[in-house]
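# Structural characterization, general
Now for the letters of each chain:
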Amino acid sequence: DHFIAMDELTIEGGKTSQLVKALAAMKIDGRRSLLMVVDSKNTAARRAASNIPKVRTIAPNSLNVNDLLRSGYVMAGVGEIKTIETTYGSAR
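The structure reproduced in this document is the subject of the present report. What you are looking at is a predicted structure, and each value in this text was computed from that prediction instead of being measured.

Quick look at helix α2 (residues 43–50) now. Within the sequence span of α2, burial applies to A44, A45, A48 and A49. Axial view of α2: buried residues confined to an arc of 125°, hence all on one face. The inward-facing, buried residues of α2 contact α1 (16–25), β2 (34–37) and β3 (55–58).

By the secondary structure assignment, R32 is in the loop between α1 and β2. The spacing of R32 and L63 is 31 residues in sequence and 19 Å in space, taken between C-alpha atoms. Residues contacting R32, with those up to four places away along its chain left out, are D1, H2, K54, G72 and Y73. A polar side-chain atom of R32 sits 3.4 Å from a polar atom in the side chain of H2.

About the thresholds
- Residues numbered from 1 in each chain as written.
- Predicted model: local features only at pLDDT ≥ 70, side-chain atom pairs only at ≥ 80, totals over all residues.
- Heavy atoms only, no water.
- Buried < 20%, exposed > 50% of the residue type's maximum accessible area, 1.4 Å probe, protein only.
- Helix = DSSP H or I, 4+ residues; strand = E, 2+ residues; numbered from the N terminus.
- Arc of directions from axis to C-beta.
- Contact = heavy atoms within 4.5 Å.
- Polar contact = N/O pair within 3.5 Å; in protein donor to acceptor, adjacent residues only side chain to side chain.

Structural data, given as structure tokens:
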């Protein structure tokens, strides 16, 4: 339903509490699922998200229609969006 583009998905130290605060500030509640498109090298964001119910992570080159359709929110950083465009092509 919602796509959120960010400059960068950075969670210092992989702290779940920081990610929870950031999601609350963006008005993303736990009622709908969130798919975070996160580069496989971003272990801090993956670790922080792994402890939150209804939040899943996926690498930008592993996106699939099923995951996109099942998610209420999809969040990606600029770097991940560029990888998606490279992998799947752009909408031009």
